[in-house]
Amino acid sequence: MTPSDRFISIRNVSKSFGAFTAIEEISMDIGQGEFFSLLGASGCGKTTLLRMLAGFESPTKGEIFIDDQPMSDVPPHHRPVNMVFQSYAIFPHLNVGDNIAYGLRKHKLAAARRAEMVEEMLDLIKLPGYGNRKANELSGGQRQRIALARALILRPKVLLLDEPLGALDKQLREQMQLELRALQRQVGITFVFVTHDQEEALTLSDRIAVMSGGKVLQVDTPAGLYETPRTRAVASFIGTMNFFRGTVRRNGAAMAAIEAEGLGTIPMTTAQLTKPDGAPVQIALRPEKFSLSAKRPEAGLAVEGRLCTSAYMGERSQYYLSIPGKAEPVAVSAPNTHRLMGGHDLSEGEALWLSWSPESIVMLDTD
Amino acid sequence: MAETSLPKRRTTEGPPRASGSAFLRLLRRSESARAYVMMSPTLLIMTLGIVVPFVILLVISLWTRAGFGFDTTPTLANYARSWNEPIYGTLLLRSFWISGVATAITVLLCYPMAYYVAFHVHRNKMMWIILMTLPFWTSYLLRVFAWKVILGYEGVINSGLMSAGLIEAPLSFLLYSPTAVIITLAHAWAAFAILPLYVSLEKIDRSLLEAATDLGDGPVARFFRVTLPLSMPGVIAASFLIFIPTTGDYITPALLGGPDGAMIGNLIQLQFGAVNNWPMGATLSIVLMLWIAALALVFLLVTRKVQGRIT
Amino acid sequence: MSSYIKRPNRALQVYAVLFLIVLYVPVLFIPLFSFNDSIYVRFPLQGFTLQWYGELWTREPVWNALWNSVKVGLVVSVISTVLGVMAARAITRTRMRGKGALVTFIMMPLVIPGIIFGVALLVLLSRMGVPLSLYTVGLGHLIICLPFAVATLLPRFEGFDPSMEEASADLGENGWWTFWRVTFPMVMPGIVASLLLTFTISFDEFIMAFFLTGTDPTLPMYIWGQLRFPKEFPSVLAMAALILFVSFALVFLAQWVGRKGLEDQA
């Protein structure tokens, strides 16, 4: 690891509030210039971790290093980090310009230089000329940008963002996601971003830490998390996933297979499968890894199922099929490029063939 | 952005470390400690002003008067006297009776007013609230005195009724009677009923009332099954805010009560003044407080039970 | 506007008007009799005069008493508001053990008859040998004003987002500067309201002053003394009428400031 990969280093950090443990033994590193997301449901500890980076909470155990400096004894106002608050915390008694320049007091700049910096920031967030607006005249999106400018003007080593897009409506949120990503590239500052929205995390981040119950379940790139989740919890938190219980079947050193509920025997390479014969395994398949057909495919793995229900979602449809040997229906996602199969719309109860390739199977850690 | 550079990065000089004594370190680490330090002047004054005097009051109540001084041998004699001699019991009972009636009247009369402003005034609500509370910013003493003018033998009511030929002689029960005290207290403390009542009524979600109507309640049933139970916190707060201070009121009974309208507050004052029996005064103060606490508890339990029955 | 629930109720309207009349009439007697040409405060009215206002200027004891009350009121309101700000901040912004019990303790004077505080303090002070003076009155008033200051300021502190203060710390300001740049301007309307309320309470307070006043009377104490001497009384009424006008003006000012504060934060 190079030092810039350990720009923020969280070492064995725990945090408890009385009897409640918010963070349990987290260790991870965040690189310089990275867009790093903390993803999890509410109460998973992601905001507590962010607030520990900002200095509003101190770890009960462990140490946080930013740029090789231990942070325990550094109060929030001396940390080289700035934060965009969930509520934006725009000071209502100050105008936009004074809000942005709030942190510059200590730098004792000439008034002209200060004004110039504020203008640069307003340009950066695409709100030029807004300096004299009152704080209560702003829309949600504008507040969010001003909170961003107020933090960025201090050139922090790390920018912390606490669900900054949560209060915006869907359309504005998607636009701000793109702008935020572009802005981070432009300024090159390390962003640590807290969100409960998995799509948002996938869209924005270089890497994501999936958190649950005060622990980090997996840290990976968006593609890594989606394609190769390590546990059932991660797999089900990000996107839709079909899970199958199975048993390892080995016949000599070269041949290996999994006997999975509903899917039958799936041949695997020995590289994929290291467990001994008879060991229980948990495998998973994303809905879009299946293909549907009216007739049994010529080659490959396939089972027959019946359509329980379907949901039309625009560019694609989600189908739920019951297959023999498995209690819950299997979710299958198919593009609507040619929606009609065999000349007619699919109806409930219809028999269909499900096929997949062994490479798309994800082996999960049995938990 | 790249050209925006600050003269100095904050951390190039290295993050300042917390230093100083263990106490300062504790302050920085512990929120609880910081909070207590910030509250300490307030707590000190409240301790000095409440706890210490009450302990001394308790101690003195166990003394007895001996000539011009005190006999400091602890005894429950004063408490026994306050229990056995009818004058104390009578005045205590009368205080609770007068305050209780005044409280009930005030709350009953103010409830419709608060209800009106909360539900039927749509514009200038604030103006109505100011209008209702403005009279209470005038001197309590002079407001009580004003009632003396109204209720007096040559007062507004008597002279009005006499000139109208409705009565021959002035109505004597108006002044120097418990009635006079009750009327005056009800008027003087109205603001303490209106504000909590208004706040609790204003807080009620209007959709709950619509739901009650939707589920078949007429206006009367809706009031008793939804509005009243939900405004109970305001009724309770108003009752406490009026009943407790008025039981110990001194001015009103002194100015308007006459011999039949005197209350325990006047008696306590007498012990510290003309009678000069401080231990007895202390005893009466403590007895009054204990009774108030007991009555408040009973009141709370009863309202809780009644509330449970209505809903 | 007039939904089913909110449709107008004529009976209630009439009641509201009657209520206001009964509320105001006794209070308006004070200015009314201050213009009455008789030293006896009784009906029928004798005729209009400004004599009592004229005499007021020559009555030094009235002005002394007024000045005493203003002094005590100012000191008490400033101290109780400062302490109230500290206490309200500590209560709302920190996790601390025993918070509920502490708040109850501070609010206790609201539910104890004033006379008990009066005698309790009198006993304490006389035991300690402290002579009664305006200072002892001030101490008594401080105790009954503190809960009102805290009760006025608490909602202000509760009403503003704690991340405002965190944002200030995050942007590099320490506690001291954060207080002056963020907290203070944001709770300003509450501070003004607390100052006005505590001043008014102290200014009008009778029973504590009754037990704790030394040789210098406060205004209510002076009025109390004058109630028995009708000769001086009309000028007391004139003074009270003047105070009434001033306090009405102050209430409107407070409302105006409070509303302006709310608008600024909306």
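Computed from a prediction, not measured in an experiment: that's the story for all the values here.

Procedures and definitions
- Residues numbered from 1 in each chain as written.
- Chains lettered and ligands numbered in written order.
- Predicted model: local features only at pLDDT ≥ 70, side-chain atom pairs only at ≥ 80, totals over all residues.
- Helix = DSSP H or I, 4+ residues; strand = E, 2+ residues; numbered from the N terminus.
- Contact = placed C-beta atoms within 7 Å.
- Pairing = 2+ DSSP bridges.
- Axes fitted to C-alpha atoms, helices over the stretch in contact; angles between N-to-C directions.
- Parallel < 35°, antiparallel > 145°, perpendicular 65-115°, else oblique.
- Left-handed = near helix turned anticlockwise from the far one by under 90°.
- Nonpolar A, V, L, I, M, F, W, Y, C, P; charged D, E, K, R; others polar.

Undergrad: Just checking my understanding: could you explain the overall build of chain B for this structure?
TA: Looking only at helices and strands, chain B has 14 helices and two strands in total. Partitioning the contacts of chain B with sequence separation of at least 6, the portion at a separation of at least 24 is 69%.

Undergrad: Sorry, what's going on with the sheet that holds strand β20 (residues 362-364) of chain A here?
TA: Hydrogen bonding along the main chain pairs the strands of a sheet, whether they run parallel or antiparallel. Residues and elements named next belong to chain A. Spatially, five strands are ordered β13-β12-β11-β14-β20 in an open sheet, and the strand pairing comes out antiparallel. Each edge of the open sheet is held by one strand with a lone partner, namely β13 (264-268) and β20. Direction aside, the axes of adjacent strands within the sheet are offset by 40° on average. Two strands pair when backbone bridges link them, and strand β11 (residues 242-251) and strand β14 (residues 280-285) are joined in this way by six bridges, in the antiparallel orientation. Within β14, the position partnered with Phe243 by the bridge is Ala284.

Undergrad: I'm lost on the packing of helix α3 (residues 60-93) of chain C against helix α8 (residues 175-204) of chain C in this one. Help?
TA: Axis angle and axis distance: for two packed helices, these are the angle between their axes and the distance between the axes, and together they describe the pair. Residues and elements named next belong to chain C. For the pair α3 and α8, interaxial distance at closest approach is 8 Å and the crossing angle is 140°. Classified by the interaxial angle, the pair formed by α3 and α8 is oblique. At the point where α3 passes α8, the crossing takes the right-handed sense. Residue-level contacts link Ser69, Val72, Gly73, Leu74, Val76, Ser77, Ser80, Thr81, Gly84 and Val85 of α3 to Ile191, Ser194, Leu195, Thr198, Phe199, Ser202 and Phe203 of α8. Its residues placed into classes, the contact of α3 with α8 shows eight nonpolar, nine polar and no charged.

Undergrad: What's the story with the interface of chain C and chain B in this structure? I'm lost.
TA: Listed per partner, the contact involves 68 residues of chain C and 71 residues of chain B. No other element matches helix α1 (residues 10-34) of chain C, which puts 11 residues into the side of chain C that touches chain B. Here the residues of the side of chain C that touches chain B sort into 53 nonpolar, seven polar and eight charged.

Undergrad: Would you mind showing me how to read unusual backbone geometry here?
TA: Excluding glycine, residues mostly carry a negative phi; peptide bonds, for their part, are mostly trans. One non-glycine residue, Asn12 of chain A, adopts positive backbone phi at about 50°. Even without glycine at this site, Tyr88 of chain A takes up a positive phi of about 75°.

Undergrad: Honestly, the pairing of strand β16 (residues 301-312) of chain A in this entry has me stumped. Any pointers?
TA: All names here are of chain A. Bridge analysis of β16 against strand β19 (residues 351-356) gives six bridges, and the strand direction is antiparallel. Bridge pairing in β19 links Glu304 to Trp353. Across six bridges, β16 lies against strand β17 (residues 316-322) in antiparallel orientation. Looking across to β17, one finds that Thr309 is bridged to Tyr320.

Purely geometric stuff here, so don't read any function into it on its own.
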